[in-house]
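Report on the structure
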Amino acid sequence: MPLTDDTKLSIYRHMYAAERWEATLLRLIEQGVVSGIYHAGRGHEGCEVGAVSALNKDDYLFYDHRGVGHLLAKGADMTGLYGDFLGNELGSTRGLGAGIVHVCDPELGIMGQSGTLGRGQLLATGAALSAKLRGTTQVAMHFFGDGSSNLGTFHESCNVAGAWKLPVIFVVQNNGWAVSVPIEYSTAGGSIARRAEGYAMPGVVVDGTDPFAVYEVAQTAVARARRGEGPTLIEAKLARMRGHFEGDPDNYRSKDHQAHDPLVKTRRRLLDENVASEARLTELENAVKEQIQAAVERARRGRMPERSRIFEGLYV
Amino acid sequence: MSDLIVAPARTITIGAAIREALAEEMRRDERVFVMGEDVGKFGGVFGATRGLFEEFGPKRVIDTPISEMFIVGGGVGAALTGLRPVVELQFADFLMNAADEIMAKMGKWRYMHGGRLTVPMVLRMPAGAMGGVGAEHSQCPEALLLQAPGVYIVIPSTPYDAKGLLKSSIRDDNPVCFFEHKGMYQVSGEVPEEDYTIPLGVADLKRVGGDVSVICWGRMVQVALKAAAEAAKQGIDVEVLDLRCLRPLDVEAILRSVRKTGRLIVCHEASKTGGAGAEIAAIVAEEALDALAAPIRRVCGPDVPIPQSQHLERLWLPGSKDLLAAIQAIVK
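Only a predicted model underlies this, so the values are computations on that prediction, with no experimental measurement involved.

1. Observations concerning the overall build of chain B
Counting its secondary structure elements, chain B contains 11 helices and 14 strands. For chain B, the C-alpha radius of gyration of 20 Å lies close to 20 Å, the compact-globule estimate for 332 residues. With respect to the three principal axes, the spread of C-alpha positions in chain B is 60 × 50 × 45 Å. Burial analysis of chain B (332 residues in total) assigns 57% to the buried set.

And the structure:
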């Protein structure tokens, strides 16, 4: 799908939805009704939405813990998402996998997230192997951070994906911080993307605050994967605008990351490039706000599960 | 056909039984594929996948790099997306190299995601001390998985059980860890030609007796039968219950046997402390203490690493003499 004005508006709408969805969740957190720890996605929504917008419904998404941009772009139901955080039966996991980590919708290719870092790289590679063995043109996309690029799982996954030309797209959201540790300290070579050469796959650096650039890079990677030419490693450089998790004092770094707000930049660009008028954007934003308000109201009516829920769903 | 006409028994090894189970399931279901280190043309370091590559080709019999985390984690990814992988860790000891993939991904992925996904896969692992391969290639680590709800634990002791249990494991929609003892691939036994399965979670009485229950699995079943034969010469009637699975665990069969004999010895090859025998003993203590005429005993591997020297390895292993001594002591 070319990067038409409609695509641009769709990307912006999902980004705006991710930001508004999160703002509403933060209010629920303040009210003390949220189960689990939330890793805010502000600053990452451009990358997440841009990349996932290049996927089809039956492609596989192994998302990361940061925000909900990738989930909303893949079609996740907002009520279900709130239900997951409220831990009630309207959640996508009916109150069980509450929190960002374990949102799931197999019908939409939302295949879950690994709480232990790096492990999603292995599962996404396995899903890509499965697509190849079954002879489909499906691809698997996996998001992870610069911190998770330093696990052994990264090497095993990239090596197999490169050696076997598997249809997997690794999207590294490089915000420069693994919780409190800066990349300059933790990571040799100064580049994740450059490692790709060693795994016989393209390594592409992209401005992760530019969703349209991410979309085009992802499209190229997806097309390559569908042609059977193998994986791509996309390193999206961006800024984490809040702490690692809600409650993180975030006192270990300066505040200049606030200047890299992809939402503000993208909105201005849509106006400057005459993709949409102020009135059109306001209309779109109001529709999103209404949608979110309705979702959160519905989700808050969900019942908390009984203890019996603990014993459901372990075995088939 | 008359009931009196019995087909001549066919005798094959456990290794052959496993090869047959894999080949027959791969013919039956094209979603089944095999993946692991050296499982392709080489046929596996213990020969368990020999011949599969020639019949099914490189798309269904896949050699991997030396990447245990990928072997299991990649298997989970494939299982989530419509295939039924049978993956192999070359030595069961390597489950520590892929512990998160086994305990958190195979076992928990479905549960964590609200029961909306399934992980129909089998992880085959050659286990046990044999041939002096040392402390890191000889363990029976099944007890580690007792703390991993979500994965079944299957440990056959005969060719018949190996084939029937492996077929059930492959057909089951739950993830299964399947332990094969390296010292038993050459053990022979009767296996019918026709298709059959053995349900998971059903223990098997390998010998019926009235004086003492020996509860065991894997290679220790052979040891127990040998000790029982010796004990019989001394007038002690030993019952040998082969659990075959530690999860699902056939608690009913354990309690039935212990209530009958009033005496329990648990025998496993793994080191005693923290072994699965402790769990069996605890269950019996909780549920049937009143039935016991003597304290529970355990005959297990010692709490030291398994030595590399074959001479010392033999001395490390619990044997039928150790078990016989325990049998004699418990009936006194």
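2. Here's the deal with the sheet that holds strand 6 (residues 152–154) of chain B
Residue and element names in this part refer to chain B. Taken together, the 7 strands give an open sheet; going across it, the order is 3-2-4-5-7-6-12, and neighbouring strands pair in mixed fashion. Edge strands, defined here as strands with exactly one partner in the open sheet, are strand 3 (61–63) and strand 12 (245–247). Mean inter-strand twist for the sheet, computed between neighbouring axes without regard to direction, equals 20°. Sheet analysis places strand 6 next to strand 12, joined by 2 bridges and oriented antiparallel. The residue of strand 12 that forms the bridge with Val 154 is Cys 245.

3. As for unusual backbone geometry
Residue Pro 248 of chain B is reached from Arg 247 of chain B by a cis peptide bond, and omega for that bond is -5°. By the element assignment, Pro 248 of chain B lies in the loop between strand 12 and helix 8 (251–261). In the Ramachandran plot, Asn 274 of chain A falls in the positive-phi region, its phi being about 55° despite a non-glycine side chain. Of note, Asn 274 of chain A is situated in the loop between helix 9 (262–272) and helix 10 (278–300).

4. As for the domain arrangement of chain B
All names here are of chain B. What the domain assignment reports for chain B is domain 1 (11–190) and domain 2 (204–331). Placing the centre of domain 1 and that of domain 2 at their C-alpha centroids yields a distance of 26 Å. Each side of the interface is counted separately: domain 1 has 24 residues, and domain 2 has 26 residues. Residue assignment for the side of domain 1 that touches domain 2 shows that the elements contributing at least two residues are strand 6, helix 6 (159–171) and strand 7 (176–181). Per element, the largest residue contribution to the side of domain 1 that touches domain 2 is 3 residues, and it comes from strand 6. Partitioning the side of domain 1 that touches domain 2 into residue classes produces 13 nonpolar, 9 polar and 2 charged.

5. A word on helix 9 (residues 276–288) of chain B
Along an α-helix, residues three or four apart share an orientation, since each turn contains 3.6 residues. Residue and element names in this part refer to chain B. The end-to-end C-alpha separation of helix 9 is 18 Å, in line with the 18 Å expected for 13 residues at 1.5 Å each. If you check which residues of helix 9 are buried, you get Ala 276, Gly 277, Ile 280 and Val 284. Take helix 9 and look down its axis: the buried residues cluster within an arc of 105°, on one side only. Those residues of helix 9 that are exposed and angled more than 90 degrees off the buried face are Ala 282 and Glu 286. Considering only its buried residues, helix 9 is in contact with strand 10 (212–216), strand 12, helix 8, strand 13 (264–271) and strand 14 (297–301).

6. Description of the interface of chain B and chain A
Every contact between the two is made by 34 residues of chain B and, on the other side, 35 residues of chain A. At the level of secondary structure, the elements contributing two or more residues to the side of chain B that touches chain A comprise helix 3 (68–80), helix 4 (99–106) and helix 5 (109–112) of chain B. Residue contributions to the side of chain B that touches chain A peak at 9 residues, all from helix 3 of chain B. When its residues are assigned to classes, the side of chain B that touches chain A shows 14 nonpolar, 13 polar and 7 charged.

7. A closer look at the pairing of strand 11 (residues 238–242) of chain B
Two faces belong to every sheet, and in a regular strand the side chains alternate between them. Residues and elements named next belong to chain B. Of all the 5 residues making up strand 11, 5 are buried; the element is thus mostly covered by neighbouring parts of the structure. Neither face of strand 11 is open: one carries Val 238, Val 240 and Asp 242, the other Glu 239 and Leu 241, and all of them are buried. One ladder, built from 3 bridges, connects strand 9 (residues 204–207) with strand 11; its direction is antiparallel. If you follow Asp 204 over to strand 11, its bridge partner there is Asp 242. As paired strands, strand 10 and strand 11 are joined by 5 bridges and run parallel to one another. Opposite Ser 213, over in strand 11, you have Glu 239 as the bridge partner. The parallel pair strand 10 and strand 11 is bridged by helix 7 (residues 220–233), and the resulting crossover is right-handed.

8. Side note on the sheet that holds strand 1 (residues 60–62) of chain A
What links the strands of a sheet is backbone hydrogen bonding, and the strands pair in either a parallel or an antiparallel sense. Residues and elements named next belong to chain A. On the basis of which strands lie adjacent, the open sheet formed by 5 strands has the order 1-2-3-7-6 and parallel pairing. On the outer flanks of this sheet lie strand 1 and strand 6 (203–207), each paired with one strand and no other. Along the sheet, successive strands turn relative to each other by an average axial angle of 20°, direction set aside. Relative to strand 2 (residues 140–145), strand 1 runs parallel, the two being bridged by 3 bridges. Bridge assignment links Phe 62 to a residue of strand 2, and that residue is His 142. Its contacts with the sheet put helix 2 (residues 45–52) on strand 1, strand 2, strand 3 (168–174) and strand 7 (232–237), and the angle it makes with strand 2 is roughly 170°. Running over the sheet, helix 5 (residues 119–134) touches strand 1, strand 2 and strand 3 and is turned about 170° from strand 2.

9. Some points on helix 6 of chain B
All names here are of chain B. Taking 1.5 Å as the rise per residue, helix 6 with 13 residues should run 18 Å; its terminal C-alpha atoms sit 18 Å apart, in good agreement. Among the 13 residues in helix 6, 11 count as buried, and that is most of the element. Considered for burial, the residues of helix 6 that qualify are Pro 159, Asp 161, Ala 162, Lys 163, Gly 164, Leu 165, Leu 166, Lys 167, Ser 168, Ser 169 and Ile 170.

10. Brief notes about the environment of Leu 205 of chain B
Structurally, the position occupied by Leu 205 of chain B is in strand 9. Residues Leu 205 of chain B and Asp 100 of chain B, 105 residues apart in the sequence, show an inter-C-alpha distance of 34 Å.

Rules and cut-offs
Residues numbered from 1 in each chain as written. Chains lettered and ligands numbered in written order. Predicted model: local features only at pLDDT ≥ 70, side-chain atom pairs only at ≥ 80, totals over all residues. Helix = DSSP H or I, 4+ residues; strand = E, 2+ residues; numbered from the N terminus. Rg over C-alpha atoms; globule rule 2.2 N^0.38 Å. Buried ≥ 20, exposed ≤ 12 C-beta atoms within 10 Å, placed from the backbone. Pairing = 2+ DSSP bridges. Axes fitted to C-alpha atoms, helices over the stretch in contact; angles between N-to-C directions. Domains from an automatic or database assignment. Contact = placed C-beta atoms within 7 Å. Nonpolar A, V, L, I, M, F, W, Y, C, P; charged D, E, K, R; others polar. Expected span 1.5 Å × (residues − 1). Arc of directions from axis to C-beta. Right-handed = clockwise from strand over helix to strand, strands pointing away.

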